[in-house]
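So the chains spell out like this:
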Amino acid sequence: MIHVLTLTYLQPRETVTAHLPEHKAWLRDHSDQGRILLSGPRPDGGAVIVTADLDEATVRELIESDPWHKLGIASYDRVAFEGKNASPGVVTAAVPDDSVLLINVATTEDAPTTVDALAGAVEHVAATADGFRGSRLLTSVDGDAVINLAAWTDEKRFNAIFDDPGFTSRYQEFAKTVTGAKYRLYRTSRVISPNR
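Cut-offs used in this document
Residues numbered from 1 in each chain as written. Predicted model: local features only at pLDDT ≥ 70, side-chain atom pairs only at ≥ 80, totals over all residues. Heavy atoms only, no water. Helix = DSSP H or I, 4+ residues; strand = E, 2+ residues; numbered from the N terminus. Expected span 1.5 Å × (residues − 1). Buried < 20%, exposed > 50% of the residue type's maximum accessible area, 1.4 Å probe, protein only. Contact = heavy atoms within 4.5 Å. Pairing = 2+ DSSP bridges. Patch = residues over 30% accessible without salt bridge, like charges linked within 9 Å, V, L, I, M, F, W, Y side chains within 5 Å. Areas by Shrake-Rupley, 256 points an atom, 1.4 Å probe, with all protein chains shown as cover. Salt bridge = Lys/Arg side-chain N within 4 Å of Asp/Glu carboxyl O. Lys, Arg positive; Asp, Glu negative; His and termini not counted. Charge placed at Lys NZ, Arg CZ, Asp CG, Glu CD.

Student: Quick rundown of helix H5 (residues 111-128)? Include the residues and the values.
Tutor: A rise of 1.5 Å per residue sets the reference length of H5, with its 18 residues, at 26 Å; its end C-alpha atoms lie 26 Å apart and thus fit the reference within 8%. Along H5, the residues classified as buried are Ala-111, Thr-114, Ala-117, Leu-118, Ala-119, Ala-121, Val-122, His-124 and Val-125. Buried residues in H5 make contact with strand E5 (100-108), strand E6 (132-139), strand E7 (145-152), helix H7 (165-175) and strand E8 (178-186).

Student: Could you give an account of the pairing of E6, naming the residues involved and the relevant values?
Tutor: Pairing between E6 and E7: 7 bridges, direction antiparallel. Paired with Gly-134 across the strands is Ala-151, a residue of E7. Counting the residues that bridge the hairpin from E6 to E7 gives 5 residues, and of these Gly-143 lies at a positive phi of roughly 80 degrees.

Student: Hey, could you go over a negative patch on the surface for me, with residue numbers and the actual values?
Tutor: Side chains of Asp-53, Asp-55, Glu-61, Glu-64 and Glu-82 sit close together on the surface and give a patch of like negative charge. As for its position among the elements, Glu-61 is in helix H3 (residues 56-65). Using a relative accessible area of 54% as the deciding quantity, one classes Glu-61 as exposed.

Structure (structure tokens):
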């Protein structure tokens, strides 16, 4: 389950600020371990933390290890939900699993045409392929390259798309618009969060 943790300050602002360095170190440690996906202050005071896909015991340990919790500086409210949909590039597993990220880099002389052709292939996959989690198409600032960043549950399901004539015909149309293209599948090997 994904957990949204809402922190409410129980101490004056100067106490919160005095213990901010320990709290930030705690946030970074758990972000680097893949347990915390997002965190930040609320405009009305307090803060919000969004966890990776964690079980109840791990979330309890996470909360109890926060210096602000230990010192009685902040209380935690929690809402859990099943994270079935995520924007491509967002990895919700706290530890490596079978999921893969596709990065397909194509050079082109006509980025809009290439994006349209690639979108046709990806939209077909989105409607038909088991294991597809989503895709983000990126165009370089210089306009000479297009990247498909796509998330998949596993390598086997990704490879199955090449047995689908509906995909391969659309992918061939995309290939006609590029001057070169190369894809690779990736898994997360390390997470490094901001240290500030």
